Every structure is written in C-alpha cells, then in structure tokens.
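Now for the letters of each chain:
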Amino acid sequence: MVQSILSAKDVVIKFSLRGRVLTAIRGASLELYEGQTLAIVGESGSGKSVFTKSFVGMLDTNGWVESGSIVFEEQDIAKFKGDKQWSTIRGKKIAMVFQDPMTSLNPLRTIGMQIQEVVELHHHLKAAEAKKRTIEILTDVGISSPEDRYSQFPHEFSGGMRQRVVIAIAIACNPKILICDEPTTALDVTIQAQILELIRKLQEQYNLTVIYITHDLGVVANVADQVAVMYAGDIIEYGTAGDIFYNAQHPYTWALLSSLPQLGIKGQPLYSIKGTPPNLFNEIKGDAFAPRNPKALKIDYVERPPYFQVSPTHYARTWLLDPRSPKMDPPETIKHMREKFVRYSV
Amino acid sequence: MGIPVTPIQHQPKPVHASKHSGSLFNYTLKRAGQSLITVLIVITVVFLLMRLLPVEGYFGDGYDKLDASQREAVLKSMGLLEPWYMQLKNFYVDLFRGDLGTSIIFRPQIPITEIIGPKIPYSAYFGFAALLMSLSLGLCLGVFQAREKGKWFDRLGTGYVVFINAVPAAVYFLFIQLYATQAFKLPILFNKDKPSSWILPAICMSLGGIAGYAMWIRRFMVDELNKDYIKLARAKGLSNTDVMFKHVLRNAFVPMAQYLPTSLLMTIAGSLYIESLYSIPGMGGLLIDAISRQDNPLVQALVLIYSTIGIFGLFMGDVLMAVIDPRIKLDKKGGAR
Amino acid sequence: MTTKKNIEILENQALFELANYDASESERTGYSDYSYWGSTLKVFLKNKTAVLALILLGVLLSFTFVQPYLPGQRDPNEINLSQETFRQLRNVKPTSEFWFGTNSIGQDLWARIWRGTRTSLMIALLVATWNIVIGVIVGAVWGYVRSLDRVITEVYNVLNNIPTTIIMTLFAYMLRPSISTMVIAMCATGWLPVSRFVRTQVVIIRDREYNLASRCLGTPSTRIITRNVLPYLVSVIMLRFALAVPGAIGSEVFLTYIGLGLPLSTPSLGNLVNEGRQIMMIASMRYQLIFPSVVLSLITISFYVMGNAFSDAADPRNHV
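1. Quick notes on the overall build of chain A
A count of helices and strands for chain A gives 12 helices and 12 strands. The C-alpha radius of gyration of chain A comes to 21 Å, within 12% of the 20 Å expected for a compact globule of 346 residues. Judged by the C-alpha coordinates and their principal axes, chain A covers about 70 × 50 × 40 Å. A burial count over chain A gives 47% of its 346 residues as buried. Residue pairs in contact within chain A that sit at least 24 positions apart in sequence constitute 65% of those at least 6 positions apart.

2. Regarding the overall build of chain C
A tally of regular secondary structure across chain C gives 12 helices and zero strands. Going from N to C terminus, chain C has its helices and strands arranged as α-α-α-α-α-α-α-α-α-α-α-α. For 320 residues, the compact-globule estimate of 2.2 N^0.38 gives 20 Å, and chain C exceeds it by more than 25% at 28 Å. With the C-alpha coordinates of chain C rotated into their principal frame, the extents come out at 105 × 65 × 30 Å. The burial tally for chain C puts 38% of its 320 residues in the buried class. Put simply, of all contacts in chain C between residues at least 6 apart along the chain, 66% involve residues at least 24 apart.

3. Thoughts on the sheet that holds strand β6 (residues 94-97) of chain A
Residue and element names in this part refer to chain A. Strand order in the open sheet formed by eight strands is β6-β7-β8-β3-β9-β10-β12-β11, with mixed pairing between adjacent strands. Two strands in the sheet have a free side with no partner beyond their single neighbour: β6 and β11 (308-311). Within this sheet the neighbouring strands show an average axis-to-axis angle of 20 degrees, counted without direction. Direction of pairing for strand β9 (residues 226-231) relative to strand β10 (residues 234-240): antiparallel, over a ladder of six bridges. Paired with valine 227 across the bridge in β10 is glycine 239.

4. Considerations on the interface of chain C and chain B
The interface of chain C with chain B comprises 33 residues on the first partner and 37 residues on the second. Split by residue class, the side of chain C that touches chain B holds 22 nonpolar, 10 polar and one charged.

5. Here we look at the domain arrangement of chain A
Residues and elements named next belong to chain A. Taken domain by domain, chain A comprises domain 1 (4-228) and domain 2 (232-345). Computed over C-alpha atoms, the centres of domain 1 and domain 2 are 29 Å apart. Taken residue by residue, the interface counts 22 residues in domain 1 and 15 residues in domain 2. Secondary-structure elements contributing two or more residues to the side of domain 1 that touches domain 2 are β2 (20-33), α9 (217-223) and β9. The greatest single-element share of the side of domain 1 that touches domain 2, amounting to 10 residues, is contributed by β2. Considered class by class, the residues forming the side of domain 1 that touches domain 2 number 11 nonpolar, seven polar and four charged.

6. Points about the nonpolar core
Among the nonpolar cores identified, the biggest contains 238 residues, and Ala168, Leu178, Ile211, Tyr212 and Val229 of chain A together with Ala170 of chain B are the most heavily contacted of them. No fewer than three residues from each of domain 1 (4-228) and domain 2 (232-345) of chain A sit in this core. For leucine 178 of chain A, the residues in contact, after removing those within four places along its chain, are Ala95, Val97, Ala170, Ile171, Leu208 and Val210 of chain A.

7. Description of the environment of glutamate 136 of chain A
Residues and elements named next belong to chain A. By the element assignment, glutamate 136 lies in helix α5 (residues 127-140). Exposure remark for glutamate 136: the 13 C-beta atoms within 10 Å place this residue in the partly exposed category. Measuring from C-alpha to C-alpha, the distance between glutamate 136 and proline 277 comes to 45 Å, with 141 residues separating the pair along the chain.

8. Some remarks on the pairing of β9 of chain A
Residue and element names in this part refer to chain A. The buried fraction of β9 is high, at six of six residues. Where strand β3 (residues 37-41) lies against β9, four bridges are found, and the strand directions are parallel. Residue pairing in the sheet places leucine 38 in a bridge with glutamine 226 of β9. Connecting the antiparallel pair β9 and β10 is a turn made up of two residues, with alanine 232 showing a positive phi of about 50 degrees.

9. Some thoughts on the pairing of β10 of chain A
Residue and element names in this part refer to chain A. Counting buried positions along β10 gives six out of seven residues, so the element sits mostly inside the fold. Looking at chain direction, β10 and strand β12 (residues 314-316) are connected through two bridges and run antiparallel. Along β12, the bridge assignment pairs tyrosine 238 with tyrosine 315.

10. Side note on the packing of helix α10 (residues 221-257) of chain C against helix α11 (residues 269-278) of chain C
Residue and element names in this part refer to chain C. Here α10 crosses α11 at 45 degrees, and the two axes come no closer than 8 Å. By the angle class used here, α10 and α11 are oblique. Where α10 crosses over α11, the handedness of that crossing is right-handed. For the pair α10 and α11, contact is made by Ile249, Glu252, Val253, Leu255, Thr256 and Tyr257 and by Leu269, Gly270, Asn271, Val273 and Asn274, respectively. Split by residue class, the contact of α10 with α11 holds six nonpolar, four polar and one charged.

11. Details of the sheet that holds β2 of chain A
Backbone-to-backbone hydrogen bonds pair the strands of a sheet. The strands run either parallel or antiparallel. Residues and elements named next belong to chain A. Overall, antiparallel pairing links the four strands, which are arranged β2-β1-β4-β5 in an open sheet. The sheet terminates laterally at β2 and β5 (75-76), the two strands that pair on one side only. The pairing of strand β1 (residues 4-17) with strand β4 (residues 63-72) spans eight bridges and is classified as antiparallel. Residue lysine 9 lies in a different strand from β4, and its bridge partner there is serine 69.

12. Looking at unusual backbone geometry
With a phi angle near 50 degrees, histidine 124 of chain A is a residue other than glycine that sits in the positive phi range. Structurally, the position occupied by histidine 124 of chain A is in the loop between α4 (111-123) and α5. Positive phi, close to 55 degrees, is recorded for serine 279 of chain B, a residue that is not glycine. Overall, the presence of 14 C-beta atoms within 10 Å leaves serine 279 of chain B in the partly exposed class.

13. What about the environment of aspartate 76 of chain A?
Residue and element names in this part refer to chain A. If you trace the backbone, aspartate 76 turns up in strand β5. On the neighbour-count criterion, aspartate 76 (12 C-beta atoms within 10 Å) is exposed. Each C-alpha atom, one on aspartate 76 and one on serine 7, is 9.4 Å from the other, the two residues being 69 residues apart in sequence.

14. Observations concerning the packing of helix α9 (residues 228-235) of chain B against helix α10 (residues 240-257) of chain B
Helix-helix packing is characterised by the crossing angle of the two axes and by the distance between the axes. Residues and elements named next belong to chain B. Taken N-terminus to C-terminus, the directions of α9 and α10 make an angle of 145 degrees; their axes are 11 Å apart at the nearest point. Both α9 and α10 take part in a crossing whose hand is right-handed. Residue-level inspection shows Ile230, Ala233 and Arg234 of α9 in contact with α10, the latter providing Val243, His247 and Val248. Classifying every residue of the contact of α9 with α10 gives four nonpolar, one polar and one charged.

The rules behind each value
- Residues numbered from 1 in each chain as written.
- Chains lettered and ligands numbered in written order.
- Predicted model: local features only at pLDDT ≥ 70, side-chain atom pairs only at ≥ 80, totals over all residues.
- Helix = DSSP H or I, 4+ residues; strand = E, 2+ residues; numbered from the N terminus.
- Rg over C-alpha atoms; globule rule 2.2 N^0.38 Å.
- Buried ≥ 20, exposed ≤ 12 C-beta atoms within 10 Å, placed from the backbone.
- Contact = placed C-beta atoms within 7 Å.
- Pairing = 2+ DSSP bridges.
- Axes fitted to C-alpha atoms, helices over the stretch in contact; angles between N-to-C directions.
- Nonpolar A, V, L, I, M, F, W, Y, C, P; charged D, E, K, R; others polar.
- Domains from an automatic or database assignment.
- Core = buried A, V, L, I, M, F, W, Y, C linked by C-beta atoms within 7 Å.
- Parallel < 35°, antiparallel > 145°, perpendicular 65-115°, else oblique.
- Left-handed = near helix turned anticlockwise from the far one by under 90°.

Spelled out as structure tokens, the structure:
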C-alpha cells in the first residue's frame, strides 16, 4: 500500500480584497501518496493554484488559511507563520515550478547563480562545491554544455530551456514534493512533451511526489496516477486516473470529460458547459455546480453534498450518490467510457 | 518642479538603443553621436535666439548715454553687426578655444570662464554633500516603504514625498530658512569660514532628492515585487530579507542607475534657489544674478553649460544602464523589461 | 452537517427530485455588474484623503470665483489710505478690517490672495490644457503617420535631452513677462510626455492582440477606441492634467523668484510669495509670507493628491 505523504483536510482559504472577503477554497480535502503523481484539474479560477500555494506558505499577503489542516511530516503546516517556519519546508521539502518560464527567472542574474543560491541555502555547501552541484543539476535537466550555460543570462535561453532551469532550481535540494503549476501551458506543443518526459525522468531519479496543476486533460491522462477535480474552490471528485476517466460520478466531471474532443463520439456535436463559474465573493449554497447543471436536484440548491465513497480510492461530492437520489443516466460519452472501463477491468 | 538640481523628474524612459541590436561599443558610439548633435543644435538655437533680443541688452546701464554712432561702434567691437552666420561661426571658433565670451553687465569685460571658474567648487561641495545625503536617505526611505507597503511608515513616507513634490520648493525652502535658523541657532547666510553655515543649505538641497529617490525606488521595488521571478525566489526558500536585497533591490536599482550621472553632474551646476537664498557664491546664484541684470552673454553661457551638463548626464545614464543590464544589448524590441 | 435542521432537510425525500433548470440562471452564477467608470468612482471615493482634497479644492475654487462679488470686498490693487491721516495703511497686521492684513504699500492682502489664486490657477489650467492639446495632436500624428515616426522621434530625443527648466527659463527670458508669455514658456516642453504617451497608445490601438482580435470579430474602430482605448487614455490625461497644475504653479513661483515673473499689478501666488519673502526677516510681517504660502500649498497638494488618487482608481487592477 502506498503511503500518504501530505494530507489536507477541510482547508478554507480566504482573501481580503479592498474590504471584501472572498472565499477561494471552501473546505477542500486531499490525500497525496508518496512517489505518485497527482493531477489537479479544473477551469481557471477554480482555486487550483491557491490551494497548492498554501502547501508552501506562498499565498499572497492578503490571503490566509482560515481553517482546516495540512499535515506534512507530522506537522500541521497550515498553522505555520512567518519565514522561519516555512524555511524548513519551502524549497527544501516542497518545491514549485511556475507556469511561465519567460518571467520566472531573474533577468539580471546568471542562471548558474540562481540555481546555486538554492544549493548554498539548503545544503550549506561552499561556493566551489555548490558550483559543481549546480552543474550536475544542469546536466540532469538536460542542458547541454552546462559549464558555458552556467554563466549565461536568462534572455540567452529559449522558453523550453528556461523551464528546464526553473525545474533545476526546484529539484536542486532534493525536495520530497514537486508542485508543477501548469508547467507546459506557456510552451510550444513540441516542447511540452519534452518537459513532461523530463519531469517523469526526474521523478524516478529523485524519488519525487509530483503535483500537476493543469486544465489540460490530455496532460492528465499522460502523467497522472491520481486525479483531483476542482470546482469553485472545492475538490468535488477525487480518485485514481482510471476512476476519474472511466467511472466519473460528479456531474461536473461528466461535463468536463464530455467537452474533450478526444473522448467525443463521432457525428455528435461536442458538448460545452453552459454558464460561468460562481462569483467567489458571494456565499455559495449547496452544490456550487448546480446552477449550471441541467439535471440538478432540488437538494443541490439547499445543502452541500458530503464526500461519498465510491471505492477505496474514489470519492465524490454529489448527491447523486445518495441512495435516495433518482437513478441518473450520465451523458453518452461517459457511458461510452464506462463500458470501456468494464471491458478493461474484466 | 523648477530647480535643475532635483535629479529625478523625468519619467523613466525606455532606452533608445534597445531598438537596435549590436555591441555595447556601437551603442555608446551611436548614443554619443546623438548627444553631440543635440548639444550642437542647442548651442546653435540658443545663440540664434539670443540674437533676436533687442540690442539694448548688450549695453548695460550706459545705453541711454551713448549716441547712435557710439552704439554702433560698441556693437561692432562685439562683432554683432556681422551677418548672423558669421557671428555663429565666430562663436563656435571661440567656443572651440574654450572662450565663452565676456560678461557685459554683471562684471563688465571679464571673461565668463573666469567668472564661473571660482564658483564651481562651492556648487560642487554642496552638490556632492546633497547627493550623498539624498542617495543614502532616499534609498533607505524607499526600501523601507516598499517593505512596509501600506503600513504607517509607508504612509508617512508617501506624505513626505507628496509634500515635496506638490509644494513649490521655494516655499518650503523659505520656511526652513526662516524657522530652522532660529530653532537650531544656525547662521542665516552662508559664510565659508563658518562650518555651521554649511548645514542648512546642504540639507535643503537634499530634500527634493530624498523624495525623488524614495519615490522611484519604492515604485520600482513594488513593481519588481509583483513579478513572477520573485514568486520563484520565495518558492526556493529564500527569506524575505534575501529576496528583498538580492533580487528586488538589485533589479529595482537598474532603472535608477539611469539618473545617477545626471544628478552627479548637476551637483556642479548647483541649486538655483538655495545658492541665492543663502548667498552661496556658486553657479546657481549666478544664473539668477545674470537674469536679473539682463547680462545676455552670461545668460547664454550659463544656459549652454546647464544644457550640456544635462545632455551629457542622460548620455552617461543610458550607457551605464546598458553596462549593468545584460538584456539591453540583445533585446530587439523597444525597452521591454 | 449535524445540526437538527440539517437532518430534517436531509430526511426530506422530496428534495431528491430534479430541480427546474433555467439556462439563464446558469449565466448568473458568475454575473458581475462591473462598470469601468462606476468602479473608478467607487475606488476613488474610498480614498478619504483624496475626497477631502476634492472637497477642499471645490470650496477653494468656487470661493475664488465668488469672492469678488461678495459685499465689502476691496480691489486687490487699491492702495488703502487711513481715513484720518490719509497715509497709506502699510503692513497692517490682520484685523477685522483687513482679514489677512495689508502689504508694504497698503493693498489688501485678502483680496490680493484670491485674485492671485485666480491668476495662478488660470495660468495653470491654460498650461495644462495646452500641454494636453498639443501633446494629443503631436502624439496622434506621431503614432499614425508611419513615415513621420523617425523624424518626430529624433526631434523628441533632442528636446527631451535638454533640462526642462532651462528651456522654460530661456523662453521666459526672451519674452517679456506677461500671463501669455508665461504660459508659452511653460508649454514649451510640457507637451512632450503627453505626446509620447499618446503615441504609445496609438501604436497599441494598432497592434495590441486584444484589439486585433476585437477587430477580427468585426468590432468597428470607433467602438474599439471608445471601449478599449479611451478609458485608459482619459484617465492618464486626467492625471497629467491634475499634476500639471501644481507643476505650473511651481514654475510660476520659480520664474517669479528668478525675476521673470508677472508685474505686481497682476497679483499671482508667485509674486505674493516673492513679496512676502523680501520682508520675511521681520518677524511681525511674516504673515505676508505665511498666508499666500498656505493657500498655495493647499491648492498644489490637493491637486497632486487628487490626481494620484484618480489615476489609482482608474487603474482596473485596483478594481475588485
């Protein structure tokens, strides 16, 4: 059985914006297993980034964790305050890779120095050793002639190369968890595959647990062991990649999958989700997706669904799993996928 | 507004060079050429404009006492009766030999270089002291404001910056001279043998600079703080202090560097207000005297000196920027940062 | 989950029925009644200092224009004589008769300050207007006419390289002091930053992706200009306008100080301060410096604070 490495429970994160309070994360829970790859999917603004930023204490200064716990190595890091406590975790145990490599590097310092800075900080190495280690890392992330590249500036690198440097910074001190916030969104399609492959390689080499934040279900299908689906600041369905792709339970997950061209059925128009996500300034009652769900139940407007267990690895927050609910037929695409699932598992 | 010594009034402008790729040397050369052309245009235009002024300006108080032929003789001796292009040529020839002409009214018949020469050290001393103070205090103020953004210290600093920027310098200079001299028993006028008389003018001169540097470094730092690479630097595990000094301040200082040469050079030119208020025998007070006495050649010479210094300062600033910012040489797009 | 009411709800089987789905309702979940100018106003009004500055300015400005029509006001250039001795009432300290006292030749300082405020504001507003008119015209030509781009850029570089104060001083020196020459001197370079800004905006209208996208979707140019460009343009122009006022008042004080100011028969804040300066060493006459200085500072600070608050408010990044 795989071991849990980080466990978030009922996390509520709020932001204050010009005197108004916005609830960005509304009691989300998550279990992260060692050595596995978790993908968090959801549309923009669903809180994917904010949620994971709270694992490294990098919420913007106007945001805070209101309640809930995030347990990592027997510590509740949700209660952490100030740089001092975070310095034992951030960059050292949990590292992050950001979306846009073009702006993620300091334009005025050589990339060597930007990697070496971390090595020196967390490993307390002398400059010469740190430089040696830096060059090793550069080689690991697939940068050729690293000695020459060491003293170059970011603007002398292409986008893909820069992302490799950002990844190098992230793995420089052997973190346990690597959070990749849409690491390929800003890159060319041809480069995307290379970066994904690189992360997979490093995951084995450094024994990393990886969290991908993405809205690209193609990426998810490629890399993920576990998938968490987020909507309006909550994880509404959580399971293995197989659970989510072949046995989805939440109407939002259905809608999400149905809108994938790859899964669509030939000859039928592609599904698209109507409406817009809710405004997080307003209090959300019941199931946040209900207003956009043509087949919502009355109770969806009244009471928020709890997590129902589908299988030991699979949970979903939808009243459809309540025994009293009417039997609801999932859309064609999902039925199609379920049939496949049954076929495969037999 | 108003005094040339306050160094940072311009918007930070994109560096002209960035449109053209090429080496630092080529850039410097191109930029030097541009500055030289500007200087020549300014000299020519100022000289020609001065020729448009009524000739009375060249006689001082004696104009009414002279008859027409005497006037003509005076003008002729000054070379003012020749066609304008000949005058311009003569002016350039003289300039090339380091001759800025002679004063007519302020100190008649004395070469302007001789008038200005002994005044430079005073302006330079004060300017240098003011520069040191404004740079150190201004940067400290701005850095702490950026760190404490939104808190009371930041507000206090912003209040100071607003006051200094909004209220004309002459007004608060007057009140400082009026009340600070009484409160601290300091002399009201400058006396080069009395060290205590150096204090107030130097402080006054630095007030604008402090506000300017504080405002810009705060703005640049806040800009930098919102950038992605700062997020990554924090995600690396760097402490706030390290992020502030190793990344933010360093990068925020780059656009500031552009103005350093200008303020350094402008110290020679001195502050117009302060020098005349405290009777400091420097260059700034001289311009005011020259204007009030309508000494055309002296005004012309001073205007040329000030503009040349200004143009040279901007040139040096751009070159300095190109040296310290590795992106500028290769960036093909304009001023992207 | 555990409250009694919740349990009751959960036991209600009727709730487990399909709800009525309303497609328009789904759009409303993310509905926002955002409007650019509305939000700008809201953010501006939240800044208490700025609102205070606005009120102060409103009161001062309207008073400046109303003051001459109030009963019992004196002419600012009238030399007041004593009724008994028929001598000039020189340097009279503030009394119920002369609220701000009189100056060294017996003119009423109260009347002079308000007339001076009017003069200075008029100069400042003229300068601000001209800077923007010239700046917008030059900037638009600069941006639109591609063949002129190089020429205007070079001219701009030359002008921008010369210290502003020097150009202004030179102009003021060559033209004899009057309101119009002062305005000309101050406008000599004031339009430069505006034109540069407008030029950048024009280039953006041409080339920014969201405008290209909008155009591809068939949005007429007029709509792109009014919706995408004008709000930003207007807010920056308002900022420039507001900041030009303290700038111009400062320049006026400066020009007066170096001896290129308006004649005393045209009172302005500049020459009132300068007049006060000349006698400031006599403690009993300092009111002649303090009163104009205070009025002047109130006006410049208010404009400055208001301009900045407005530009903050107009920045969509500050809108919730």
